[in-house]
Amino acid sequence: MNKIFSSSHQGLLSGRVLFLCLMLLFSACNINEEITTALPPKILLDSETGIYTVKVGREITIAPNYESAEGATYYWTMNNEVIGTSPSLTFISEEIGEYYIVLTVSTDSGTDSEEIRVDVVELEIPTVSIAGMEQLTIAVGTQIQLNATVRQTSLPTTIAWHINGEQVAEELSYTFVANNTGAYTIVCSAHNEDG
């Protein structure tokens, strides 16, 4: 038996198929749930140039900020060796030079890397010299003008004159007067944070 569909039946059938397709399409989308994808981590250095400077024998702590780094792993490497696995790194070197360190941060969403340069520079220890004599014999009551010169540094430097271990002045020039007979040891020293 052959069934013949009229055009009204065909329109009804195609309408039902269209309705069924739309229902399947809308049921696949859940409007109430947010669809989010996690962002890869991002390293935010506190140095715009990525260059840090420290003096020889002194510590420097490099502590970047991070975005999207929840549950991240951290690798600090230098010369292909891991030197740290925490969010910050404390670095020290007894040798002057440039050190290149790579920081890599990884999460399930991706990885970020930054190359950091640490410049280890020499200490700025002031040196003092006193023009003139190392040993003098003078009469009681005689004045001697002593002048010190100090090598300039970029650090604030203090000067101190001592006689037999007791501090007597804090200027580059000092006038010594021997009020009594005896031996006097006069020392001028300069000091800053480096030595």
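Residues numbered from 1 in each chain as written. Predicted model: local features only at pLDDT ≥ 70, side-chain atom pairs only at ≥ 80, totals over all residues. Heavy atoms only, no water.

### Some thoughts on the pattern of salt bridges
A side chain of one charge can pair with a side chain of the opposite charge when the charged atoms of the two come close. Selection criterion: Salt bridges, as used here, are contacts in which a Lys or Arg side-chain nitrogen is within 4 Å of a carboxyl oxygen on Asp or Glu. The way it works is that DSSP assigns letters per residue, a run of H or I at least four long becomes a helix, a run of E at least two long becomes a strand, and they are numbered from the N terminus. For each residue, the accessible area found with a 1.4 Å probe, counting protein chains only, is set against the maximum for its type, and the residue is called buried under 20%, exposed over 50%, and partly exposed in between.
Applying the stated rule across the entire model yields 2 salt bridges. A salt bridge links Lys55 to Glu124; the shortest N-O distance between them is 3.6 Å. Here Lys55, found in strand β2 (residues 51-55), pairs with Glu124, found in the loop between β9 (110-121) and β10 (128-130); they are 69 residues apart in sequence, far enough to count as distant. On the accessibility criterion, Lys55 (16% relative accessible area) is buried. Glu124 gets classed as partly exposed once you look at its relative accessible area, which sits at 21%.

### Focus on the nonpolar core
Our working definition: Among the buried residues, those of types Ala, Val, Leu, Ile, Met, Phe, Trp, Tyr and Cys that are joined through side-chain atoms within 4.5 Å form a nonpolar core.
If you look at the biggest cluster of nonpolar residues, it comprises 21 residues, and the most contacted ones within it are Tyr66, Trp76, Phe91, Val105 and Val118. Secondary structure elements with two or more residues in this core: β2, β3 (60-62), β5 (73-78), β7 (89-91), β8 (97-107) and β9. Of the residues forming this core, the biggest block, 4 residues, is contributed by β8. Ranked by size, the runner-up nonpolar core spans 12 residues in total, among them Ile144, Ala148, Trp161 and Ile163.

### Quick word on the sheet that holds strand β14 (residues 173-177)
To keep things clear, this is the line we draw: Here, any two strands with at least 2 DSSP bridges between them count as paired. Angular values range over 0 to 180 degrees, each being the angle between N-to-C directions of two axes fitted as lines to C-alpha atoms, with helices fitted over their stretch in contact.
Ordered in space as β10-β11-β14, the 3 strands form an open sheet in which the pairing is antiparallel. Edge strands, defined here as strands with exactly one partner in the open sheet, are β10 and β14. Direction aside, the axes of adjacent strands within the sheet are offset by 30 degrees on average. As paired elements, β10 and strand β11 (residues 143-150) share 3 bridges and run antiparallel to each other. By the bridge assignment for β11, Ile130 is matched with Ala148.

### Some remarks on the environment of Lys42
Where we set the bar: Contact definition: two residues touch when any of their heavy atoms are within 4.5 Å.
Within the secondary structure, Lys42 is located in strand β1 (residues 42-44). The exposure class of Lys42 is partly exposed, given its relative accessible area of 43%. Each C-alpha atom, one on Lys42 and one on Gly110, is 9.4 Å from the other, the two residues being 68 residues apart in sequence. With near-sequence residues (within four places) excluded, Lys42 lies in contact with Asn65, Tyr66, Glu67 and Asp112.

### A word on the packing of aromatic side chains
Operational definition: Each aromatic pair joins two rings of Phe, Tyr and Trp (for Trp, the six-membered one) with centres within 6.5 Å, and gets the label stacked for planes under 30 degrees apart, edge-to-face for over 60, and tilted for any other angle.
For the coordinates displayed, the defined rule picks out 4 aromatic pairs. On the basis of an interplanar angle of 65 degrees and a centroid distance of 5.3 Å, the ring pair of Phe176 and Tyr184 is categorised as edge-to-face. Take Tyr184: its relative accessible area is 31%, and that puts it in the partly exposed class.

### Regarding the sheet that holds strand β15 (residues 186-191)
Strand order in the open sheet formed by 3 strands is β13-β12-β15, and the pairing between neighbours is antiparallel. At either end of the open sheet lies a strand with only one pairing partner, and these are β13 (166-169) and β15. Neighbour-to-neighbour, the strand axes of this sheet turn through a mean angle of 40 degrees, independent of strand direction.

### Observations concerning unusual backbone geometry
Phi is positive for Asn79, which is not a glycine, with a value near 55 degrees. Examined against the element boundaries, Asn79 turns out to sit in the loop between β5 and β6 (81-84). Here Asn79 falls in the exposed class, since its relative accessible area comes to 67%. Here Asn164, not a glycine, exhibits a phi torsion of approximately 50 degrees, which is positive. Checked against the element boundaries, Asn164 lands in the loop between β12 (158-163) and β13. By relative accessible area, which is 47% here, Asn164 ends up partly exposed.

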